[in-house]
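Summary of structural features
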Amino acid sequence: MLQFLFFLSFSAALAAEPEEVAELKSVPLAEVSATEPATWYEYRGYLVSELGWLSQPRVVGLERGSAIGEANATAIVRPTSWLSLFGDGLWVGSLPGSASQAVLAQAGLRIQAAEEWSLALGRERNFRAPGMLVNPSDFLHPSQTVPGQRMQRAGVWLARASYQTLKFTADGLFLPFQDLDAGGIPLSAKAEDLGGAGRVYVSAWDTDLGLTAGYFGRTWQGGLSVSRYVLKGFEIHTELGYRSGSGGRALLGTRLDVGSSSSVTLEGYYNGWGYSSDSWDRVSPGLLFAARKAAAASSSSFSGSATSQLNLFHRQWYLIGGYSASDLWKIFNASFSAVLSAEDYSGLSVFRWEWMVSGRSTLSLLALGLWGRDDGQYGARPIDSRLGIEWRLNF
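Residues numbered from 1 in each chain as written. Predicted model: local features only at pLDDT ≥ 70, side-chain atom pairs only at ≥ 80, totals over all residues. Heavy atoms only, no water.

1. Overview of the overall build of the chain
- Counting its secondary structure elements, the chain contains two helices and 18 strands.
- For the chain, the proportion of its 395 residues judged to be buried stands at 48%.
- Restricting the contact set of the chain to residue pairs at least 6 apart, pairs at least 24 apart contribute 57%.
- Accessible area of the chain: about 18000 Å², with a carbon and sulfur share of 63%. (Helix = DSSP H or I, 4+ residues; strand = E, 2+ residues; numbered from the N terminus. Buried < 20%, exposed > 50% of the residue type's maximum accessible area, 1.4 Å probe, protein only. Contact = heavy atoms within 4.5 Å. Areas by Shrake-Rupley, 256 points an atom, 1.4 Å probe, with all protein chains shown as cover.)

Next comes the structure, spelled out in structure tokens:
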């Protein structure tokens, strides 16, 4: 449960600045930079300091105050016109506990073999699924951070060969590592861990379609995503995923663009890997006891590489919603998101209000809430709410 808290306290150890769902034409995030004009090198980064306060804890020994610091740096070096070297690293520290963690989110090289052909080697993130929070169709990047938090972009260790045009992309992936340490470094290379996958993305008739299949996580998996704007500013999307031995998952959602700077998203999610109502009644007492015991035993710190261990979806049926707005009165951004477990009516919500103090500095107010019965998924909570104030400096 400590990992659950750390993730929802707006400071995942595998975190970064917000990213948009990639369009078909987009290159991997590791190849994108904010510095202009493009030269033989590019860089960006940020420093973050956050203070947080908890409501009255429901478990003994949980500290009510916390302080979190983060530092991130991303760099791209192009020694030739056909070769790019990239790296993306993060350091996060927290109080109480004086714990810290360094994370290698992305690193490697990319070779532009020809105008439409490219090769990549290293740890890379190339995310294109349309879901807001969970992505059944993408077994390499199956979930995202709750909107309103600093978003993660931790990649996957791979070797990639790609063919890409304006309307079509095909990727062949070799996936050598499954087990990583908290810093994102492979622990070992085992024959049973070797995997591979193929991906195809097509944009046609105002529709984006993605298909992925392969062997990863010591099992066969596959996924399909479809998104389309059916009216001006109104998009529908669906994702399907299957894992051998576990069954299927499905997501159906809509997104409405309100003007040029805000949007509303509503999604329904079926998790075939989760507990049904009957099985939840049998296992939940043990899960809840273990979660609260872990929270109390580890409450001296919010540190750790949380996102790789997090499971927000233990049950089967969920509603997911979100609203975001940017450039309010030219200086504010706002977002609100919520997840509701439809089987036990417990849920969580996250709110963020951001003030753009200058072109490089922002000050944000963050709020987290959890609610529901004590035997529900989110009702088994060590806290009811958390407030945070965050200062961020971009460079």
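From this point, the discussion proceeds with the structure in view.
2. Quick look at the nonpolar core
- Counting 19 residues, the largest nonpolar core has Tyr269, Phe313, Ile320, Val339, Leu348 and Tyr378 as the members making the most contacts within it.
- Beyond its immediate stretch of four places on either side in the chain, phenylalanine 313 contacts Leu133, Val134, Tyr269, Asn271, Tyr318, Ile320, Val339, Gln377 and Tyr378.
- Grouped together as the second largest cluster of nonpolar side chains are eight residues, Leu140, Leu158, Leu173 and Ala197 included. (Core = buried A, V, L, I, M, F, W, Y, C linked by side-chain atoms within 4.5 Å.)

3. Focus on the confidence of the model for the chain
- Counting all residues, the mean pLDDT for the chain is 82, and 83% of those residues have values of 70 or more.
- Counted against residues more than four places away or in other chains, residues 1-37, with its pLDDT under 50, gives 145 contacts.
- Considering only residues more than four positions removed or in separate chains, one finds that residues 298-310, a stretch of pLDDT under 50, has 37 contacts. (pLDDT = per-residue confidence, 0-100.)

4. As for the pairing of strand β18 (residues 385-394)
- Pairing of strand β1 (residues 41-54) with β18 involves nine bridges; the strand directions are antiparallel. Looking at the pairing, serine 49 lines up with tryptophan 391 of β18.
- Bridge analysis of strand β17 (residues 361-371) against β18 gives nine bridges, and the strand direction is antiparallel. Looking at the pairing, serine 364 lines up with glutamate 390 of β18. (Pairing = 2+ DSSP bridges.)

5. Here we look at unusual backbone geometry
- Residue tryptophan 205 is not a glycine yet carries a positive backbone phi of 50°.
- When you line up the elements, tryptophan 205 lands in the loop between β8 (195-204) and β9 (207-215).
- Looking at tryptophan 205, the relative accessible area reads 76%, which means it is exposed.
- Non-glycine residue aspartate 327 carries a positive phi angle of around 60°.
- With respect to the secondary-structure elements, aspartate 327 resides in strand β14 (residues 317-328).
- Overall, the relative accessible area of 46% leaves aspartate 327 in the partly exposed class.

6. Concerning the side chain of threonine 219
- Following the sequence through the fold, threonine 219 ends up in the loop between β9 and β10 (220-231).
- At a separation of 3.1 Å, a polar atom in the side chain of threonine 219 contacts the main-chain carbonyl oxygen of serine 244.
- Each residue touching threonine 219, except ones within four places of it in the same chain, is listed here: Gly214, Arg243 and Ser244. (Polar contact = N/O pair within 3.5 Å; in protein donor to acceptor, adjacent residues only side chain to side chain.)

7. Here's the deal with the pattern of salt bridges
- Using the criterion set out here, one finds eleven salt bridges in the structure.
- A salt bridge links arginine 255 to glutamate 235; its shortest N-O distance comes to 3.2 Å. Of this pair, arginine 255 sits in strand β12 (residues 247-258) while glutamate 235 sits in strand β11 (residues 234-243); the two residues are 20 residues apart in sequence, bridging distant segments of the chain.
- Accessibility expressed as a relative area gives 18% for arginine 255, which makes it buried. (Salt bridge = Lys/Arg side-chain N within 4 Å of Asp/Glu carboxyl O.)

8. Re the side chain of serine 162
- Structurally, the position occupied by serine 162 is in strand β6 (residues 156-164).
- Take serine 162: its relative accessible area is 2%, and that puts it in the buried class.
- Side-chain polar atoms of serine 162 contact the side chain of aspartate 171, separated by 2.5 Å.
- Ignoring sequence-local partners within four residues, the contact set of serine 162 consists of Glu116, Trp117, Ser118, Ala170 and Asp171.

9. A closer look at the environment of valine 59
- Positionally, valine 59 belongs in the loop between β1 and β2 (65-77).
- A relative accessible area of 12% places valine 59 in the buried class.
- When the C-alpha positions of valine 59 and proline 382 are compared, they lie 5.7 Å apart, and in sequence the two are 323 residues distant.

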